[in-house]
Amino acid sequence: MHVVLYKEEPKSREILAFALESKLGASVSRAAKFEDVVQVLLANNPVDLIICDSKPENATLYKMLLSTGSNIPVLLLLNSTSPQQQNISFPDIKILAGINLDGEPGMEKVIEIIRNEVKNGNLKPTTDDPDYCRVSAELAIQVSPLQGDLYIRLSNTKHIKLFKKGEQLNKTHIEQVLTEKKIKFLFVHRSDYGSFLLKFGEDLKKIADSPTATLQEKEMLSLSAIQVLHELSHKIGFTEEVHELARESVRLVVTTLSKDFKLVNVLKAFAKDRDKYIASHSLMVAHVACGISTKMTWPSDTTSQKLVTAAICHDLSINNQELAKIRTLKELNNNTTSYTPEEITAYKSHPYTSADSLSQANDISSDVDFIIRQHHERPDGSGFPRGLNARNIAPLAAVFIVAHDIVDFICQQGTDNPSFDNFVAEYFSQYSSGIFKRILVAITPELTKNRAA
Ligand SMILES: [Fe+2]
Ligand SMILES: [Fe+2]
């Protein structure tokens, strides 16, 4: 996505440009005066969006856009002297919104509006550069000394080096730099994936075995590990190194499982974050599914390992955080305009493609394979891809489906004080037979007890 940012005041122009580049991967052309805008518009690189201050002189810009037949949308930045949008005389100019940029919320609003336009197909999404893998900033802090250079993304095709290979990072220093620049993600180059994975795998092992690492540190690292796992499996496939990372991630998550299952406490630990949806809901499902198996009195290390592996990998082949939130084909059909035909086809088969990626690794148990293939089946037979019903769904897959339903319910309700009475009431008829009924009976006391936790 190519954005022209026309803003006279240099400091706020730079801050906003950086947010657009780092959060959206947009390519931003900065313009301080109208002539700069004209130059960019006349160049060969097509412009997808203009962001500019709302002021009467914009009339010249609007006239130019109309005279060239351009339908580039405009996002206006309002201020105290120009609180209104200024396009009354130019109804043919598409004004996306007028946003007051004062402070952080204004900036977030700009990003959110652009994201929504991308989601609705009105603006081009930024495609990731296949040569760089995104690593959360928290993780970059953990994996030190670095086994490769770390970059920040300026646009989908441009990355600049922020930290050098071998640099022994002082955590406070890196945290400072990242907070100052409001950076959530750093990038590793393809040539360093191997050594990065090796070092990261070793660090995960150390932390999993460390008697001093806190639960919170382990949970945070698990989340980052799942993110990297998903990202890398899309970039380079489920290679032996990626598989090893999956094994270590499972081991780490297993060490954080609570013997005394307290649903609400577990869920409160994971903040909802749009950039981390796949990783955070996978981790939540892992905890809830293992908690349910405890209530079913089936707990064993092997069962937990199977459930955690399935949770971490069940949406492995989905690359779109929003698409991963869809649970049924009915929901998908109501949202077809938000996704490309390729994404829709891939979504419909993702229980199989995710399981197939995993089956390349020969030590995956058939139970894990079943859980992943059946995770979108429903007890009444309305699920996909096979339309199995309660009698044909494997017991561990049923535990997983219920755990996923609970996590979705929490995500909709908010983690603060979800009313599980509503969950029980809502699912009572759906879980009316076989293993689903037994699971609901086993977990209802826990769910209702946790209501006021
Ligand atoms: Fe899924
Ligand atoms: Fe999922």
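Conventions we followed
Residues numbered from 1 in each chain as written. Chains lettered and ligands numbered in written order. Predicted model: local features only at pLDDT ≥ 70, side-chain atom pairs only at ≥ 80, totals over all residues. Helix = DSSP H or I, 4+ residues; strand = E, 2+ residues; numbered from the N terminus. Buried ≥ 20, exposed ≤ 12 C-beta atoms within 10 Å, placed from the backbone. Contact = placed C-beta atoms within 7 Å. Axes fitted to C-alpha atoms, helices over the stretch in contact; angles between N-to-C directions. Parallel < 35°, antiparallel > 145°, perpendicular 65-115°, else oblique. Left-handed = near helix turned anticlockwise from the far one by under 90°. Nonpolar A, V, L, I, M, F, W, Y, C, P; charged D, E, K, R; others polar. Pairing = 2+ DSSP bridges. Core = buried A, V, L, I, M, F, W, Y, C linked by C-beta atoms within 7 Å. Expected span 1.5 Å × (residues − 1). Arc of directions from axis to C-beta. pLDDT = per-residue confidence, 0-100.

Novice: Honestly, the overall build of the protein in this entry has me stumped. Any pointers?
Specialist: Summing up its helical and strand segments, the protein has 19 helices and nine strands in all. When each of the 453 residues of the protein is scored for burial, the buried share is 38%. Once local pairs closer than 6 in sequence are excluded, the contacts in the protein between residues at least 24 apart make up 68%.

Novice: I keep staring at the packing of helix α15 (residues 350-359) against helix α16 (residues 366-374) and nothing clicks. Help me out?
Specialist: Axis angle and axis distance: for two packed helices, these are the angle between their axes and the distance between the axes, and together they describe the pair. Contact geometry for α15 and α16: axes closest at 7 Å, N-to-C directions at 155°. Considered as vectors, α15 and α16 are oriented roughly antiparallel to each other. Note on packing geometry: the crossing formed by α15 with α16 is right-handed. Side by side, α15 and α16 meet where P351, Y352, S354, A355, L358 and S359 of the first sit next to V368, D369, I372 and R373 of the second. In terms of residue class, the contact of α15 with α16 is made up of six nonpolar, two polar and two charged.

Novice: What is the right way to look at the packing of helix α11 (residues 277-295) against helix α17 (residues 395-413) in this model?
Specialist: Here α11 crosses α17 at 125°, and the two axes come no closer than 8 Å. Between α11 and α17, the angle is such that the two are oblique. Handedness of the α11/α17 crossing: right-handed. The residues of α17 that touch α11, namely those facing H281, M284, V285, V288, A289, I292 and S293, are V399, F400, V402, A403, H404, I406, V407 and C411. Classifying every residue of the contact of α11 with α17 gives twelve nonpolar, three polar and no charged.

Novice: It is not clear to me how the sheet that holds strand β1 (residues 2-6) should be interpreted in this structure. Could you clarify?
Specialist: In spatial order, the strands read β2-β1-β3-β4-β5; together these five strands make up an open sheet with parallel pairing. Of all strands in the sheet, those bounded by a partner on one side alone are β2 (27-31) and β5 (95-100). Taken over all neighbouring pairs, the strand axes of this sheet differ in orientation by 20° on average, direction set aside. As defined by bridge partners, β1 adjoins β2 across five bridges and the pair is classed as parallel.

Novice: Would you mind going over the nonpolar core with me for this structure?
Specialist: Formed by 80 residues in total, the largest nonpolar core has its most connected members in A286, A289, L307, V399, F400 and A403. If one sorts the elements of this core by residue count, α17 sits on top with eleven residues. Residues within four places of A403 in sequence aside, it is in contact with V285, V288, A289 and I292. Residues L5, C52, I99 and I114 belong to the second largest nonpolar core, which totals 31 residues.

Novice: Can you walk me through unusual backbone geometry in this structure?
Specialist: A cis amide bond, omega 0°, links F384 with the succeeding residue P385. Position of P385 relative to the elements: it lies in the loop between α16 and α17.

Novice: Explanation requested: the environment of V135 in the structure shown.
Specialist: With respect to the helices and strands, the residue V135 is situated in strand β6 (residues 132-136). With sequence-adjacent residues up to four places away left out, V135 is seen in contact with A140, F185, L186, F187, V188 and V228.

Novice: Hey, could you run me through the pairing of strand β3 (residues 49-53) in this one?
Specialist: Look at any regular strand and the pattern is simple: side chains alternate between the two faces of the sheet. Of all five residues making up β3, five are buried, and the element is well covered by its neighbours. One ladder, built from four bridges, connects β1 with β3; its direction is parallel. The residue of β3 that forms the bridge with Y6 is C52. Relative to strand β4 (residues 74-78), β3 is paired through four bridges, and the arrangement is parallel. Residue pairing in the sheet places D53 in a bridge with L77 of β4.

Novice: Help me understand α11, please; the structure alone is not making it clear to me.
Specialist: Here α11 is 19 residues long and its end C-alpha atoms lie 27 Å apart, about the 27 Å a rise of 1.5 Å per residue gives. Of all 19 residues that make up α11, 16 are buried, and the element is covered over most of its length. Among the residues trailing α11, T297 stands out with phi positive, at a value near 50°.

Novice: Help me understand the environment of L316, please; the structure alone is not making it clear to me.
Specialist: By the element assignment, L316 lies in the loop between α12 (301-313) and α13 (329-334). Sequence separation between L316 and E231 is 85 residues, and the spatial gap between their C-alpha atoms is 8.9 Å. Those residues in contact with L316 that lie beyond four places of it in its chain are H230, S233, S354 and S357.

Novice: In this structure, what is going on with α15? I would like to understand it.
Specialist: Each full turn of the α-helix corresponds to 3.6 residues, which orients residues three or four apart in the same direction. Looking only at α15, the buried set comprises H350, P351, S354, A355, S357 and L358. Seen along its axis, α15 keeps its buried residues to an arc of 155°; they face one direction. Buried-residue contacts for α15 involve α8 (215-236), α12, α14 (341-348) and α16.

Novice: Hey, could you run me through the confidence of the model for the protein in this one?
Specialist: Mean pLDDT for the protein: 81, with 85% of residues reaching 70 or above. Looking at the elements of the protein, mean pLDDT is at its lowest for helix α10 (residues 263-268), recorded as 54, and at its highest for α16, recorded as 95.

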